[in-house]
Amino acid sequence: MDIKLIENFLTEVAANNNRPWFQEHKAEYERAKKEFEGGVEAFIKELSTFDPEISHLTPKDCCYRFYRDIRFSPDKSPYKRHFGAYICAHGKKSLRGGYYLHIQPGHCLIAIGSYWLPTNILTAMRNEIMGNIDEWRRCVEDGKFIHYFGYPNETTWEGEFPTSGKGFGISCLKKAPKDFPKDYEFLDYLKMKDYCVWNRLDDKFFEQKDWTKKAATICKVAKPMMDFVNSVVDDYE
């Protein structure tokens, strides 16, 4: 994946986010898109070494559209400022946890898990954690997990990007969820509204020939947590 080619295009489109400019530079977009899809394909192959469920996926299954839906947005820019791909066995529109790759100059990251889960699944997830707290803690209190992702709700998500280089849970309740004990020893895990983690990566990370292997190593650390979450989500999909 030629990260410099991709980021040069993204920098240009961010400064010229309008249809006339884009039409004049469509060939540059196609080259950048092809490079990103090649990176996604290589990343899927690397992830498949420990997660065979996603081995059947292609970049087309995972990559998001570059064109923005501006119908209900105050920002009428027609194009995104990043390339994104969600590598999930059940598809990029699934509630199931997966691996997200985000390429944007100065804001690259990988994320693993599920977010924006509906209330009924969040309730089931919280019950599952309470019923299997030892297993959950083994997943998320491992030394490598904490190294890459930290503890729950240590940081907040502002706008499009997290405020720190790593994180565990985008948002959380201020109090115990309804009908759950307020004095529960591990209440922070029940207050979470998003069971996902992220790690922000320097742009130069993707200049490395083995970036897919290094990124997959980070993802592998979060897979037990993701599997725990998916065991709950699968009952509802």
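Residues numbered from 1 in each chain as written. Predicted model: local features only at pLDDT ≥ 70, side-chain atom pairs only at ≥ 80, totals over all residues. Heavy atoms only, no water.

Let's talk about the packing of helix 6 (residues 133–140) against helix 9 (residues 211–233)
For the pair helix 6 and helix 9, interaxial distance at closest approach is 7 Å and the crossing angle is 145°. Like other packed secondary-structure pairs, helix 6 and helix 9 cross with a definite hand, here left-handed. Residues Glu-135, Trp-136, Cys-139 and Val-140 of helix 6 pack against Pro-224, Met-225, Phe-228 and Val-229 of helix 9. Class assignment for the residues of the contact of helix 6 with helix 9 results in seven nonpolar, no polar and one charged. (Axes fitted to C-alpha atoms, helices over the stretch in contact; angles between N-to-C directions. Helix = DSSP H or I, 4+ residues; strand = E, 2+ residues; numbered from the N terminus. Left-handed = near helix turned anticlockwise from the far one by under 90°. Contact = heavy atoms within 4.5 Å. Nonpolar A, V, L, I, M, F, W, Y, C, P; charged D, E, K, R; others polar.)

What to know about empty space enclosed by the protein
Applying the stated criterion across every chain yields a total of one cavity of 30 Å³ or more. By volume, the largest cavity is sized at about 40 Å³. As for the largest cavity, its lining consists of Asp-51, Glu-53, Ile-54, Ile-87, Cys-88, Ala-89, Arg-96, Gly-97, Gly-98, Tyr-99, Met-226 and Asn-230. Secondary structure elements with two or more residues in the lining of the largest cavity: strand 2 (98–103) and helix 9. (1 Å grid on protein atoms, 1.4 Å probe; cavity = no way out; pocket = protein on both sides within 12 Å on 5 of 7 lines; lining within 4 Å. Points joined across faces, edges and corners; volume = space filled by probe spheres on them.)

Structural notes on the side chain of Arg-96
Position of Arg-96 relative to the elements: it lies in the loop between strand 1 (83–87) and strand 2. Take Arg-96: its relative accessible area is 7%, and that puts it in the buried class. Ignoring anything within four residues of it in the chain, the contact list for Arg-96 reads Glu-53, Tyr-86, Cys-88, Ala-89, His-90, Ser-114, Asn-230, Val-233, Asp-234 and Glu-237. (Buried < 20%, exposed > 50% of the residue type's maximum accessible area, 1.4 Å probe, protein only.)

Focus on the packing of aromatic side chains
Taken as a whole, this structure holds 30 aromatic pairs when the rule is applied. For the ring pair Phe-9 and Phe-66, a centre distance of 5.8 Å and an interplane angle of 40° mean the geometry is tilted. Within this pair, whereas Phe-9 is found in helix 1 (residues 3–15), its partner Phe-66 is found in the loop between helix 4 (59–62) and strand 1, the two being separated by 57 residues in sequence. The two residues Phe-9 and Phe-66 agree in class, both being buried. Consider the rings of Trp-136 and Phe-168, whose centres lie 6.5 Å apart with planes at 35°: the pair is tilted. With Trp-136 in helix 6 and Phe-168 in strand 6 (residues 166–168), this residue pair connects regions lying 32 residues apart in the sequence. With relative accessibility at 1%, the residue Phe-168 sits in the buried group. Among the aromatic residues, those joined into a cluster by ring pairs are Phe-9, Trp-21, Phe-22, Tyr-29, Phe-36, Phe-66, Tyr-67, Tyr-79 and Phe-83. (Phe/Tyr/Trp six-rings, centres within 6.5 Å; stacked < 30°, edge-to-face > 60°.)

A word on the layout of surface pockets
Of the voids in this model, the largest pocket is the one considered here, and its volume is about 1200 Å³. Elements with a minimum of two residues in the lining of the largest pocket: strand 1, strand 2, strand 3 (109–114) and strand 7 (195–200). Counted by class, the lining of the largest pocket contains 15 nonpolar, nine polar and eleven charged residues. Taken as a whole, the second largest pocket spans an internal volume of roughly 160 Å³. Taken together, Tyr-29, Lys-33, Phe-36, Glu-37, Pro-59, Lys-60, Cys-63, Tyr-64, Arg-65, Phe-66, Tyr-67 and Phe-83 make up the lining of the second largest pocket. For the lining of the second largest pocket, the secondary-structure elements that each account for two or more residues are helix 3 (26–47) and helix 4. Take the lining of the second largest pocket: its biggest share by element is four residues, from helix 3. Residue classes in the lining of the second largest pocket are distributed as eight nonpolar, no polar and four charged.

Read these as spatial facts, not as claims about activity.
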